[in-house]
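Residues per chain, in single letters:
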Amino acid sequence: MKTNKQAKVKVGNRFVGEGESVYVIGEIGINHNGSLELAKKLITGAKAAGCDAVKFQKRTPELCVPKDQWSKERDTPWGRITYLEYRHKVELSFEDFKEIDSFCNRLEIDWFASCWDEPSVDFIEQFSPKCYKAASASLTDISLLKKKQLTGKPLIISTGMSTKDEIEFAVENLEKENLLIAHSTSAYPCPVDELNLNMILTLKNLYPEIPIGYSGHETGLAPTWAAVTLGATFVERHITLDRAMWGSDQAASVEIAGLHRLIS
């Protein structure tokens, strides 16, 4: 296999990697709370702040929620409903993603998704996204990672909760030419003393041919700047309209005003 010595991968219309400006991803995730209107406001904010891309998450709830959790009830903005019902409420529909695709094209901002199961890859592939992301929890799901790479799109893998052996096993089983790796931790929000940003240097030494980046869930902006100083070629931060909004990821997210400061 030909080695990409410059550690660059083309995502959409630009290269991500060594010698390029930092590729910034606004992770909307499920912070839209199932609302297309909220999603579009977040996309607009991300574009205005200078993000290169926004990212969503896509799940098939019946595959991603353990069966013993299906009927557990919880309080939500839609009242007290089962966990499975809640997971369906925060999923965007085909028509929603069709509008998101059109909206992002008009604003000239990339969009893609973390697909948590194989049918979700088929779903998102209908929109021909610029690349795919694999959440940290999917790092050991080699079948899912390979399915994403088989689309021919670049794949970003995150490493939160992973051992060095698990990271190496994933990389060994994937095509390296279209691969990017994001150092990550999996606490939401993550205490600053647990970020282990030096892992960026470790990954760069292990894989000089692969672009290394940072996916952060901490509060504040300084750790992301530090990650770039250490050589992160792309960064991803969760974004929200209001950190006090309902939702599991809101508190670990950056509001749009903070996103402007982060990127500027």
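Structure: see above.
If you're wondering where the values come from, they're calculated on a predicted model, not measured in any experiment.

(A) Molecular detail of unusual backbone geometry. If you check the backbone angles, Ser128 has positive phi at about 50 degrees while not being a glycine. With respect to the element layout, Ser128 can be found in the loop between α5 (118-125) and β8 (132-134). Among the residues examined, Ser128 registers a relative accessible area of 47% and is labelled partly exposed. A positive phi is found at Asn196, a non-glycine position, where the angle reads about 50 degrees. Along the chain, Asn196 turns up in the loop between β10 (179-184) and α8 (199-206).

(B) Quick peek at the packing of helix α1 (residues 36-49) against helix α4 (residues 94-107). Remark: α1 packs on α4, axes separated minimally by 11 Å, with the N-to-C direction vectors making an angle of 20 degrees. When the axis of α1 is compared with that of α4, the two are roughly parallel. In the packing of α1 onto α4, the handedness of the crossing is right-handed. Residues Leu36, Ala39, Lys40, Ile43, Thr44 and Lys47 of α1 form the contact with α4, whose participating residues are Asp96, Glu99, Ile100, Phe103, Cys104 and Leu107. Here the contact of α1 with α4 is built from residues that sort into 7 nonpolar, 1 polar and 4 charged.

(C) Representation of the pairing of strand β5 (residues 73-76) within the structure. Pairing geometry for β5 and strand β6 (residues 79-82), over 4 bridges, is antiparallel. Looking at the pairing, Asp75 lines up with Arg80 of β6. If you look at the hairpin formed by β5 and β6, you'll find 2 residues sitting between the two strands.

(D) Main features of the side chain of Glu236. The residue Glu236 is located in strand β12 (residues 234-240) in this model. Sequence-distant contacts of Glu236, defined by excluding residues within four places in its chain, comprise Ile25, Glu27, Lys55, Lys133, Tyr214, Ser215 and Gly216.

(E) Here's a closer look at the packing of α1 against helix α10 (residues 256-263). Their axes nearest at 9 Å, the elements α1 and α10 cross at an angle of 25 degrees. Comparing their axes, α10 and α1 come out roughly parallel. Crossing of α1 against α10: the hand is right-handed. Where α1 approaches α10, its residues Leu42, Gly45, Ala46, Ala48 and Ala49 are matched on the opposing element by Ile256, Leu259, His260 and Ile263.

(F) Region of interest: the pattern of salt bridges. Enumeration over the complete set of coordinates arrives at 15 salt bridges. One salt bridge connects Glu73 with Arg80, and the closest N-O pair in it is separated by 3.3 Å. Arg237 serves as the salt-bridge partner of Glu218, at 3.2 Å between the closest nitrogen and oxygen. Separated by 19 residues along the polypeptide, Glu218 in the loop between β11 (212-216) and α9 (222-229) and Arg237 in strand β12 bring together distant segments of the chain. Overall, Glu218 belongs to the buried group, its relative accessible area being 0%. Arg237 sits in the buried class, given a relative accessible area of 2%.

Conventions we followed
- Per-chain numbering applies: the sequence of each chain, read as written, is numbered from 1 onward.
- Two thresholds apply to this predicted model, a pLDDT of at least 70 for residue-level local features and 80 or more for giving and counting side-chain atom pairs, whereas whole-chain, interface and lining totals are computed over all residues.
- For the side-chain quantities, the full set of heavy atoms in the structure was used; hydrogens and water were omitted.
- Numbering goes from the N terminus for both helices and strands, where a helix is a DSSP run of H or I of at least four residues and a strand is a run of E of at least two.
- In this scheme, a residue with accessible area under 20% of its type's maximum is buried, one over 50% is exposed, and one in between is partly exposed, where area comes from a 1.4 Å probe on protein chains only.
- Fitted lines through C-alpha atoms give the axes, limited to the stretch in contact for helices. The angle between two N-to-C directions lies from 0 to 180 degrees.
- Here the angle decides the label: under 35 degrees means roughly parallel, over 145 means roughly antiparallel, 65 to 115 means roughly perpendicular, and every other value means oblique.
- If you view the pair so one helix is near and one far, a crossing is left-handed when the near helix is turned anticlockwise from the far one by less than a right angle, and right-handed when it is turned clockwise.
- What makes two residues a contact is simply this: any of their non-hydrogen atoms within 4.5 Å.
- When residue character is reported, Ala, Val, Leu, Ile, Met, Phe, Trp, Tyr, Cys and Pro are called nonpolar, Asp, Glu, Lys and Arg charged, and the others, Gly included, polar.
- Pairing between two strands requires that DSSP report at least two bridges joining them.
- The working definition used for a salt bridge is a side-chain nitrogen of Lys or Arg within 4 Å of a carboxyl oxygen of Asp or Glu.

Any link to function would need more than the numbers given here.
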